[in-house]
Every structure is written in structure tokens, then in C-alpha cells.
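Here is how the chains run, residue by residue.
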Amino acid sequence: MSSWKKAAKANQKTHRERHQPESRKHLGLLEKKKDYKKRANDYHEKGATLKLLRKRTLDRNPDEFYFHMINSRVKDGVHHELEKDDEHTPEQVKLMQTQDLKYINMKRTIESRRIQRLQSQLHMTDVADSTANTHIFFVDEGEEKNFDLAKRLDTHPSLINRKSNRPRLSDLDKITLPDVNEEVINSAKKVKEKMYKELSKRIEREKHLTVVQQKMELKRHLQDAKILKPKRVKKGTAVSAPIYKFQYVRKK
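Residues numbered from 1 in each chain as written. Predicted model: local features only at pLDDT ≥ 70, side-chain atom pairs only at ≥ 80, totals over all residues. Heavy atoms only, no water.

> Please explain the overall build of the chain as it appears in this structure.
Along the backbone of the chain there are eight helices and four strands. Going residue by residue from the N terminus, the α and β elements of the chain occur as α-α-β-β-α-α-α-α-α-α-β-β. Scaling as 2.2 N^0.38, a compact globule of 252 residues should have a C-alpha radius of gyration of about 18 Å, whereas the chain reaches 39 Å, well beyond that. Considering only C-alpha atoms, the chain reaches an extent of 115 × 60 × 55 Å along its principal axes. Within the chain, the fraction of its 252 residues that count as buried is 13%. Carbon and sulfur atoms make up 53% of the accessible area of the chain, which totals about 23300 Å². Averaging the positions of the 60 positive and the 37 negative side-chain charges in the chain gives two centres separated by 15 Å. (Helix = DSSP H or I, 4+ residues; strand = E, 2+ residues; numbered from the N terminus. Rg over C-alpha atoms; globule rule 2.2 N^0.38 Å. Buried < 20%, exposed > 50% of the residue type's maximum accessible area, 1.4 Å probe, protein only. Areas by Shrake-Rupley, 256 points an atom, 1.4 Å probe, with all protein chains shown as cover. Lys, Arg positive; Asp, Glu negative; His and termini not counted. Charge placed at Lys NZ, Arg CZ, Asp CG, Glu CD.)

Below, the structure is given as C-alpha cells:
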């Protein structure tokens with residue numbers, strides 16, 4: 001029966017609302033019914049909100065505690081939120097929201113293997129030479145003034161500060177050094193500097209992925225409903241995961 005009613009309205013005349021008459025055009029557009037409905041609904045929603053807020057104010061307990069009391073301050077009549085250090089960086093939040101734990105673990109393993117490969121190629125000899133030597137030589141009284149370190153180590157004075165690649169003078173007489181072009185030396189230095197930069201970036205990336213992995217593993221453990229609620233010992237930061245103390249539960 002309803003289908004017949006719809007079919008009967010197919011050829012029905014569309015009744016449209018009249019526009020603003022020419023004599024009242026200076027007053028602006030004439031409000032239509034749909035405009036009135038929007039304005040009326042907005043008015044009633046605001047009234048209901050004010051009524052609810054008035055009710056909550058009357059029902060409020062003046063002795064009630066909420067955390068915003070200790071997380072905000074009023075200074076010189078202006079309300080300020082207390083600034084807190086973010087526990088997660090934007091990159092960490094993006095990783096934790098878009099990737100799973102297996103992906104993070106896989107990427108961290110790849111970075112650690114590449115770091116080991118680079119360290120095996122570089123041997124970190126330049127870093128070792130940057131730290132001061134702490135080797136102690138014991139001499140008899142009266143020999144301190146005449147003590148010659150280069151003579152004692154049997155090496156050239158310019159090689160004393162080295163911790164590696166410090167040949168003896170007796171060995172230098174037997175070695176025939178090849179003629180090396182200065183351009184080859186400079187290109188080798190550039191390649192080594194590039195490798196050191198890549199190594200430092202990969203070490204930072206591996207540390208970053210380790211922190212993300214620890215946070216995700218801890219979050220998964222905290223979501224376990226079978227364990228008792230742990231106690232937080234230390235709050236997490238952007239460079240370290242939070243520390244929780246779990247209650248010991250004896251298994252069978």
C-alpha cells in the first residue's frame with residue numbers, strides 16, 4: 001500500500017518556500033524552515049548544556065580531589081598548565097601506532113648486525129687514539145729527569161701518543177714503505193669519515209629501536225589481565241623505558 005502512496009506523489013507539485021519580497025530585500029535573506037530548525041536545535045542544545053552544568057555545580061563536593069588540582073597553577077591571575085616531559089617522542093608514537101613488536105625487533109636486529117659489520121671493518125683505532133694513555137713506567141730514583149719515553153718504547157717521538165700501529169725503530173729499518181699518492185690518502189680519509197658517520201647514525205637508530213621495543217613489550221605485559229597490578233618505580237622518558245616492579249607469583 002505504501003508503494004502506491006509513493007507512486008501517487010511522483011507527479012505531485014513541489015511546494016517551494018517564497019523568497020524575500022522586493023520591498024523587504026534590504027532586510028536580508030528570508031529565513032526558511034530549515035534555517036529555523038538549525039537555529040532552534042542550537043538554542044535547545046545550549047540550554048541543555050547550561051542546565052547540566054548548573055546541576056553539576058550544585059551537586060559538586062567541595063572536598064573532592066581530582067588530579068588537575070596538582071597539575072595546574074595560577075600565576076599573576078592567569079591559569080597555567082604544568083609542563084611535563086613527554087614520555088614518547090613523535091617518532092616513537094608513530095612507530096608504536098603503525099608497527100608491531102615483530103617488525104621493531106627485526107629492524108633492531110638488522111641495525112645491530114650492520115653495526116657489528118662496520119665495527120669489524122673500522123676497528124675503532126681512531127677512537128682509541130683520542131683517549132689519553134695511562135701506562136705507568138717505574139724508574140729508579142735520579143733517572144726521572146733523564147727518562148726518554150721514545151727510547152724506552154723504541155719508537156719515533158711522533159708515534160708516542162698512538163695506542164695502535166706504533167712500530168718500533170728496529171722494525172721500520174726492515175720495512176720498505178710503498179709510495180702512496182696524496183690523493184689516495186685523502187680519498188681513504190673521506191671514505192673512513194663517511195663510514196664513521198654511518199656507524200654513529202646506526203648506533204643511535206639501534207638505541208632508539210631498543211627503547212621502542214622495551215616500551216612495547218612492557219605495554220603488552222601491563223595489558224595482561226592475569227597478572228597482579230605492578231608498581232611503577234621509575235617514569236619513562238624519551239630515551240628510556242619505564243621501570244615497573246611486578247609482584248612475585250609462584251608457579252606450581
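> Teacher, can you tell me more about the confidence of the model for the chain here?
Regions with low pLDDT carry predicted coordinates that are not meant to be interpreted in detail. Scored by pLDDT, the chain comes out at a mean of 84, with 94% of its residues at no less than 70. Confidence, expressed as mean pLDDT per element, reaches its minimum in the chain at helix 5 (residues 125–130) with 60 and its maximum at helix 2 (residues 33–59) with 95. (pLDDT = per-residue confidence, 0-100.)

> In this structure, what is going on with a nonpolar patch on the surface? I would like to understand it.
On the surface, a cluster of nonpolar side chains totalling about 530 Å² of accessible area is made up of F65, Y66, F67, M69 and I70. When you line up the elements, F65 lands in the loop between helix 2 and strand 1 (72–75). (Patch = residues over 30% accessible without salt bridge, like charges linked within 9 Å, V, L, I, M, F, W, Y side chains within 5 Å. Salt bridge = Lys/Arg side-chain N within 4 Å of Asp/Glu carboxyl O.)

> Quick question: what am I supposed to make of the pairing of strand 2 (residues 78–81) here?
Regular strands show a simple pattern: their side chains alternate between the two faces of the sheet. By the bridge criterion, four bridges tie strand 1 to strand 2 in an arrangement that is antiparallel. Of the residues in strand 2, the one forming a bridge with K75 is V78. Between the antiparallel neighbours strand 1 and strand 2 lie two residues, among them D76 with a positive phi of about 55°. (Pairing = 2+ DSSP bridges.)

> What should I look at first to understand the packing of helix 4 (residues 101–122) against helix 8 (residues 182–222) in this one?
In helix packing, the relevant descriptors are the interaxial angle and the interaxial distance, both defined with respect to the helix axes. Running from N to C, helix 4 and helix 8 cross one another at 150°; their axes reach a closest spacing of 8 Å. If you check the angle between helix 4 and helix 8, you find them roughly antiparallel. In the crossing of helix 4 with helix 8, the sense of the turn from one axis to the other is left-handed. A per-class count over the contact of helix 4 with helix 8 returns twelve nonpolar, six polar and eleven charged. (Axes fitted to C-alpha atoms, helices over the stretch in contact; angles between N-to-C directions. Parallel < 35°, antiparallel > 145°, perpendicular 65-115°, else oblique. Left-handed = near helix turned anticlockwise from the far one by under 90°. Nonpolar A, V, L, I, M, F, W, Y, C, P; charged D, E, K, R; others polar.)

> Before we go on, may I ask you to explain the packing of aromatic side chains in this structure?
Describing an aromatic ring pair means giving the distance of the ring centres and the angle of the ring planes. Within the structure shown, the criterion is met by one aromatic pair. Their ring planes at 70° and their centres at 5.4 Å tell us that F65 and F67 sit as a pair that is edge-to-face. One exposure class covers both F65 and F67, and it is exposed. (Phe/Tyr/Trp six-rings, centres within 6.5 Å; stacked < 30°, edge-to-face > 60°.)

> Hey, could you run me through the packing of helix 3 (residues 90–98) against helix 8 in this one?
For the pair helix 3 and helix 8, the least separation of the axes is 11 Å and the interaxial angle reads 55°. Between helix 3 and helix 8, the angle is such that the two are oblique. For the crossing formed where helix 3 meets helix 8, the hand is right-handed. Here E91, Q92, L95 and M96 of helix 3 lie close against helix 8, whose contacting residues are H208, L209, V211, V212, K215 and M216. (Contact = heavy atoms within 4.5 Å.)

> Explanation requested: the environment of T237 in the structure shown.
Following the sequence through the fold, T237 ends up in the loop between strand 3 (231–234) and strand 4 (243–245). With relative accessibility at 32%, the residue T237 sits in the partly exposed group. Between the alpha carbons of T237 and W4 there is a distance of 69 Å; along the sequence they are 233 residues apart. In this structure, T237 is in contact with E87 and K215, ignoring residues within four places of it in sequence. Of note is the side chain of T237, whose polar atom sits 2.7 Å from the side chain of S240. (Polar contact = N/O pair within 3.5 Å; in protein donor to acceptor, adjacent residues only side chain to side chain.)

> Honestly, the pattern of salt bridges in this entry has me stumped. Any pointers?
Two side chains that carry opposite charge are able to pair once their charged atoms sit near each other. On inspection of all chains with the given rule, the structure shows eight salt bridges. Between D59 and K55 there is a salt bridge whose closest N-O contact spans 3.1 Å. Residue D59 and its partner K55 are located together in helix 2, separated by four residues, close to a single helical turn. With respect to class, D59 is no different from K55; both count as exposed.

> Please clarify how unusual backbone geometry should be interpreted in this entry.
The residue D76 is not glycine, and still its phi comes out positive at about 55°. Inspection of the secondary structure puts D76 in the loop between strand 1 and strand 2. Taking relative accessible area as the criterion, D76 reaches 74% and is therefore assigned exposed.

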